[in-house]
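A closer look at the structure
Listed here are the chains, written in short residue letters.
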Amino acid sequence: QVQLVESGGGLVQTGDSLRLSCASSGRTFGAYTMGWFRQAPGKEREFVAHINWSGRSTYYADSVKGRFTISRENAKNTVYLQMNSLKPEDTAVYYCAANDRAWGYQPQPSLYDYWGQGTQVTVSA
């Protein structure tokens, strides 16, 4: 069983930066693809970014490409989401997720087996 705990959310202004962290309790963290998703009020959960087990492959939603960076430290069982140039439309609850599919583009929430509880990010205009 994998437990994921997000942290780092908060209230910021337009143009600010935040770094989200997601710590995993699983001993096989290094084998998992890790993803970040977000859900705004009244909207469906949407893909933000994911990174494969080695960290060599990353994928981003068009809405965050060039502003957000996903990375991981397998030695620390942690995945990060560096968010720069934040906009009000980035406001959402951000979730990290994990699965054991090693390769390929995986933007669908249904592909992920484990989820954290989420952390709120609010960007004021």
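Note that the coordinates shown come from a computational prediction; the quantities given were computed from them, not determined experimentally.

1. A closer look at the side chain of His 50
Mapping His 50 onto the fold places it in strand β5 (residues 46-51). Given a relative accessible area of 1%, His 50 falls into the buried group. A polar contact is formed between the side chain of His 50 and the backbone nitrogen of Gln 106, at a distance of 2.8 Å. The contact partners of His 50, leaving out residues within four places of it in the chain, are Thr 33, Met 34, Gly 35, Ser 57, Thr 58, Tyr 59, Ile 70, Gly 104, Tyr 105, Gln 106, Pro 107 and Tyr 112.

2. Here's the deal with unusual backbone geometry
One non-glycine residue with positive phi stands out, namely Asn 77, at about 55 degrees. The phi angle at Ser 85 is positive, at roughly 50 degrees, despite the residue not being glycine. With respect to the secondary-structure elements, Ser 85 resides in the loop between β8 (78-83) and β9 (92-99). Its relative accessible area of 41% is what places Ser 85 among the partly exposed residues.

3. Examining the pattern of salt bridges
In this structure the tally under the stated criterion is six salt bridges. The residue Asp 90 makes a salt bridge to Arg 38 at a minimum N-O spacing of 2.9 Å. Taken together, the residues span a long stretch of sequence, with Asp 90 in the loop between β8 and β9 and Arg 38 in strand β4 (residues 33-39) at a distance of 52 residues. Take Arg 38: its relative accessible area is 5%, and that puts it in the buried class. For Asp 90, the salt bridge goes to Arg 67, with nearest N and O atoms at 2.8 Å.

Reading the values: rules and limits
- Residues numbered from 1 in each chain as written.
- Predicted model: local features only at pLDDT ≥ 70, side-chain atom pairs only at ≥ 80, totals over all residues.
- Heavy atoms only, no water.
- Helix = DSSP H or I, 4+ residues; strand = E, 2+ residues; numbered from the N terminus.
- Buried < 20%, exposed > 50% of the residue type's maximum accessible area, 1.4 Å probe, protein only.
- Polar contact = N/O pair within 3.5 Å; in protein donor to acceptor, adjacent residues only side chain to side chain.
- Contact = heavy atoms within 4.5 Å.
- Salt bridge = Lys/Arg side-chain N within 4 Å of Asp/Glu carboxyl O.

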